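One letter stands for each residue in the lines below.
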Amino acid sequence: MLRFSKAISCLAVLNLSVFLTFSFSYADAVDDSKVAESTSNVQQDSIISNNIAGKIFRDSDATILENSGKWYKISINGKTGWVHGDIFPVESIKSTQKAKDSEKTEDSEKAKDSEKTEDSTDKNQEVSTETTENTDKAENVTSSKETETVAVVIKGIIDGDDVNVREGPGKNYGVICQVDKGEKVEILESAPEWYHIKTSSGVNGWVYSTYVLTDSTLASRGGDTTSSDSSSKRAEIVEYAKQFLGVKYVYGGTSPNGFDCSGFVWYVFNHFGISLNRVASDQATQGSKVSKAELQPGDLVFFDTNGGMNKINHAGIYIGNGCFIHASSGSSAKKVVISNITSGFYNECYMTGRRVLE
């Protein structure tokens, strides 16, 4: 049996060699009928099976390049020629070529899939990196925003009775309400000499800064008990002076039975143990000078009511909000009244301010 198989293989190889030599040399000059006639014996005698042909061409570099009818142009191990499909195992070459093409396609698809996977991995890594960077940026932005939105609430206490709460930072704004001494407030913002506050009852408005005690106010004044006492003393002096509103003006008077301007100032401060000179021009030399813009309740204010602006002849006590209390000798008043020093007559004849409370 083994000898028979070897004989078949040898015969197949011999037939192929003869056929290739014949076909490659004469295919271009022979038509189908002649080829069929001249090769009928070869076809009848050939015992090449598909399995044998497949084995022969499986390991060879056999490729079908094109075909015309039953004629096929093939390439085997670098040699090219035409063969006839009836006497040459073309189907075996087709099967082998198809298998090889399939393997190449699979390898190509695997390579593409591998490239896609690598690209996808790289992109995912890039996206992951970008996501991490964006997360870090978002965290930084969030941290920055959280830092920016931290607000410090400034607390304050009203230091005066019947303090006007106005619609805006100035005495020309309307009065919303009045608050009493000891009222706790929140300071929302500030303007020169004014605080925008919110009261415990929810009222928003502006009050003169002199009437509001804060930690910063105490710190600017030394942050000690003395400063707090001084502010409280100022409020007490103002409130005490207001008790005499309406008392008649009496030249040389120094009592609630009647006051002149300097007598009224002297009497109020004397009540608190603060000794002042008796005459307005002499009182204007005591304490320290203070500008009109820096006046605080309890400071002394002086005027030249004669209009010459060269001699002090009138005195009063500043109570805040651009106003002062005094014993007026004017024909329309002649009593203790409150007047404005930021406009009108007393604004025009204002001379100086003095501070005897520190």
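Values in this document were obtained by computation on a predicted structure and should not be read as measured data.

The next subject is the overall build of the chain. When helices and strands are tallied, the chain shows 10 helices and 18 strands. Residues counted as buried form 36% of the 358 residues belonging to the chain. Sequence-distant contacts, at least 24 apart, represent 51% of the contacts inside the chain between residues at least 6 apart. Accessible surface computed for the chain: about 20,900 Å², of which carbon and sulfur atoms make up 49%.

Note on placement: Gln283 falls in helix H9 (residues 280-283). If near-sequence neighbours (up to four positions away) are discounted, Gln283 is found in contact with Ser262, Val265, Trp266, Leu276, Asn277, Arg278, Leu300, Phe302 and Ala315.

Averaged over every residue, the pLDDT of the chain is 74; the share at 70 or more is 60%. Per-element averaging of pLDDT across the chain places helix H3 (residues 40-45) at the bottom with 38 and strand S14 (residues 300-303) at the top with 98. For residues 1-54, every residue scores under 50 in pLDDT, and the model assigns this stretch 54 contacts once sequence neighbours within four places are set aside. The low-confidence segment residues 141-152, where pLDDT is below 50, has 0 contacts with residues more than four positions distant or belonging to other chains.

Moving on to the sheet that holds strand S13 (residues 288-290). Strand order in the open sheet formed by 6 strands is S13-S18-S14-S15-S16-S17, with antiparallel pairing between adjacent strands. At either margin of the open sheet sits one strand with a lone partner, and together these are S13 and strand S17 (336-340). Across the sheet, the mean angle separating the axes of adjacent strands is 40 degrees when strand polarity is ignored. Alignment of S14 against strand S18 (residues 350-355), held across 4 bridges, turns out to be antiparallel. Bridged to Leu300 within S18 is Arg354. Taken strand by strand, helix H8 (residues 261-271) contacts S14, strand S15 (314-320), strand S16 (323-327) and S17, and its axis lies near 50 degrees from that of S15.

Evaluated as defined, the whole model comprises 5 salt bridges. Note that Glu186 and Lys155 form a salt bridge whose closest N and O atoms lie 3.4 Å from each other. Pair noted here: Glu186 is in strand S7 (residues 184-191) and Lys155 is in strand S4 (residues 154-158), with a separation of 31 residues, a long-range link. Relative accessible area serves as the criterion here: at 28%, Glu186 is assigned to the partly exposed category. With a relative accessible area of 52%, Lys155 lands in the exposed category. Residue Arg355 is joined to Asp299 by a salt bridge in which the shortest nitrogen-to-oxygen separation is 2.9 Å. Taken together, the positions of Arg355 in strand S18 and Asp299 in the loop between S13 and S14 put the pair 56 residues apart, joining distant regions of the chain. Connected through salt bridges with shared partners, the residues Arg234, Asp299 and Arg355 form a single ionic network.

Unusually for a residue other than glycine, Met309 sits at a positive phi of about 55 degrees. Structurally, Met309 is set in the loop between S14 and S15. Residues other than glycine seldom take positive phi values, yet Asn321 does so here, at roughly 55 degrees. Structurally, the position occupied by Asn321 is in the loop between S15 and S16.

Next up on the list: the pairing of strand S9 (residues 204-208). The buried count for S9 comes to 4 of 5 residues, which makes it a mostly enclosed element. In this sheet, S9 lies alongside strand S8 (residues 194-199) in antiparallel orientation, the contact comprising 5 bridges. Across the sheet, residue Lys198 finds its bridge partner in S9, namely Asn204.

Taken in spatial order, the 3 strands make up an open sheet running S1-S2-S3, and their pairing is antiparallel. With one partner strand each, in any of the chains shown, strand S1 (62-68) and strand S3 (79-84) form the two edges of the open sheet. Each adjacent strand pair in this sheet contributes to an overall mean axis angle of 25 degrees, direction not counted.

A word on the packing of aromatic side chains. Per the counting criterion, the structure on display carries 14 aromatic pairs. Ring pairing ties together the aromatic residues Tyr240, Phe244, Phe259, Phe264, Tyr267 and Phe272, which thus form one cluster. Above the plane of the ring of Tyr350 lies Lys292, whose end atom (NZ or CZ) is 4.8 Å from the centre.

Cut-offs and rules
Residues numbered from 1 in each chain as written. Predicted model: local features only at pLDDT ≥ 70, side-chain atom pairs only at ≥ 80, totals over all residues. Heavy atoms only, no water. Helix = DSSP H or I, 4+ residues; strand = E, 2+ residues; numbered from the N terminus. Buried < 20%, exposed > 50% of the residue type's maximum accessible area, 1.4 Å probe, protein only. Contact = heavy atoms within 4.5 Å. Areas by Shrake-Rupley, 256 points an atom, 1.4 Å probe, with all protein chains shown as cover. pLDDT = per-residue confidence, 0-100. Pairing = 2+ DSSP bridges. Axes fitted to C-alpha atoms, helices over the stretch in contact; angles between N-to-C directions. Salt bridge = Lys/Arg side-chain N within 4 Å of Asp/Glu carboxyl O. Phe/Tyr/Trp six-rings, centres within 6.5 Å; stacked < 30°, edge-to-face > 60°. Lys NZ or Arg CZ within 6 Å of the ring centre and 35° of its normal.

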